[in-house]
Amino acid sequence: MLILAENGLTTLSPEVGKLDRLSTLDLGHNALTSVPDELGDLSGLTDCLYLHDNRLSRLPRTLGQLTRLRYLNIGENPVAALPEAIGEMSGLIELRAQHNRLTALPESIGRLRNLRELWLRGNAIENLPPSAAELRELRHLDLRENAVAELPEALAGLPLLRQIDLRSNRLSRLPDWLARMPSLEKLDLRWNEIDPSQPVLAELERQGCVVLM
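Residues numbered from 1 in each chain as written. Predicted model: local features only at pLDDT ≥ 70, side-chain atom pairs only at ≥ 80, totals over all residues. Heavy atoms only, no water.

**Student:** A description of the side chain of Q98 should follow, citing residues and the corresponding values.
**Tutor:** Structurally, the position occupied by Q98 is in the loop between β5 (94-96) and β6 (117-119). Assessed through its relative accessible area of 16%, Q98 is described here as buried. A polar side-chain atom of Q98 sits 3.4 Å from a polar atom in the side chain of R96. (Helix = DSSP H or I, 4+ residues; strand = E, 2+ residues; numbered from the N terminus. Buried < 20%, exposed > 50% of the residue type's maximum accessible area, 1.4 Å probe, protein only. Polar contact = N/O pair within 3.5 Å; in protein donor to acceptor, adjacent residues only side chain to side chain.)

In structure tokens:
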């Protein structure tokens, strides 16, 4: 484990890639504008990689080589796009990309078949790619403070999705299929322009789902 958080780092040596027994690397709360491609050489990285609260505008494609990593936090960076290679990170259980500058997710996101939590608060995302329908282990989806105008249909068939946070988006109506989601327990719709009399909302509440308006 290597913890380098809150040290005012502006650069990171490529030599970090030689630390092949690292399971956790924490680079959060620094001033990094880039990280070396050699991060992808950390074949032992199985637990956590923290890159949050830096000045990163892009992520290296080599992150896709970290196929055993379970937790990735890239939040609070001016990142405008995730690399397609993120879909190769097949071990990810939790991905945090909060308060970045994302307008969309790559189609490859659907290959994260083990992903349980996806945190995307504070971006400018309008929709999810069709491949999100393959995230069949997903339990928690945070889309708060984005630009979603219609509930992504890719969510319709996700069997384990329990909580969806859609606060502060651009929603005005809800699809009927929402009431057929088998595991939905909590739906947060606050600060949207939604008519509370829509029948689907009453049906969700009848099924025991907590709906916040």
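Read on for the rest.
**Student:** Give me the lowdown on the packing of aromatic side chains, citing residues and values where you can.
**Tutor:** Inspection of every chain in the model, using the stated rule, returns one aromatic pair. When the ring centre of W119 is taken as reference, the NZ or CZ atom of R96 above it lies at 4.1 Å. (Phe/Tyr/Trp six-rings, centres within 6.5 Å; stacked < 30°, edge-to-face > 60°. Lys NZ or Arg CZ within 6 Å of the ring centre and 35° of its normal.)

**Student:** Before we move on, can you summarise the environment of P182 with the specific residues and values?
**Tutor:** Locating P182 in the fold gives a position in the loop between β8 (163-165) and β9 (186-188). When the C-alpha positions of P182 and L135 are compared, they lie 15 Å apart, and in sequence the two are 47 residues distant. If we ignore the near neighbours within four places in the chain, the residues touching P182 are L158 and P159. (Contact = heavy atoms within 4.5 Å.)

**Student:** Break down the pattern of salt bridges for me, citing the residues and quoting the values.
**Tutor:** Within the structure shown, the criterion is met by eleven salt bridges. Between E88 and R111 there is a salt bridge whose closest N-O contact spans 2.5 Å. In this pair, E88 is assigned in the loop between β4 (71-73) and β5 and R111 in the loop between β5 and β6, connecting sequence segments 23 residues apart. Among the residues examined, E88 registers a relative accessible area of 39% and is labelled partly exposed. Where E203 meets R206, a salt bridge forms, and the shortest distance between an N and an O atom there is 2.7 Å. Residue E203 and its partner R206 are both found in helix α1 (residues 199-206); the two are separated by three residues, about one turn of the helix. Assessed through its relative accessible area of 26%, E203 is described here as partly exposed. (Salt bridge = Lys/Arg side-chain N within 4 Å of Asp/Glu carboxyl O.)

**Student:** So, the sheet that holds β8: which residues are in play, and what are the values?
**Tutor:** Read from one edge to the other, the open sheet built from ten strands follows the order β1-β2-β3-β4-β5-β6-β7-β8-β9-β10, with strand pairing classed as parallel. Looking at strand neighbours, the two that pair on one side only are β1 (2-3) and β10 (210-212), the edges of this open sheet. Of the strand pairs in this sheet, β5 and β6 are connected by three bridges, and their pairing is parallel. From the neighbouring strand, E94 faces β6, where its bridge partner is E117. (Pairing = 2+ DSSP bridges.)

**Student:** Account for empty space enclosed by the protein, naming residues and giving values.
**Tutor:** Over the atoms a probe the size of a water molecule is rolled, and this reveals where empty space is left. One pass over the full model with this rule turns up one cavity of 30 Å³ or more. The volume enclosed by the largest cavity comes to roughly 40 Å³. Together, L105, L118, L128, A132, L135, L138, L141, L155 and L158 line the largest cavity. For the lining of the largest cavity, the per-class residue count stands at nine nonpolar, no polar and no charged. (1 Å grid on protein atoms, 1.4 Å probe; cavity = no way out; pocket = protein on both sides within 12 Å on 5 of 7 lines; lining within 4 Å. Points joined across faces, edges and corners; volume = space filled by probe spheres on them. Nonpolar A, V, L, I, M, F, W, Y, C, P; charged D, E, K, R; others polar.)

**Student:** Report on unusual backbone geometry, specifying residues and quantitative values.
**Tutor:** Backbone geometry at E6 places phi at a positive 60°, although glycine is not the residue there. As for its placement among the helices and strands, E6 is situated in the loop between β1 and β2 (24-26). Taking relative accessible area as the criterion, E6 reaches 62% and is therefore assigned exposed.

**Student:** Summarise the side chain of D188; cite the residues concerned and give the values.
**Tutor:** In this structure, D188 sits in strand β9. For D188, a relative accessible area of 3% corresponds to the buried category. Excluding anything up to four places from it in sequence, D188 contacts I164, D165, L166, R167 and L212.

The quantities given are spatial measurements derived from coordinates; they are silent on function.
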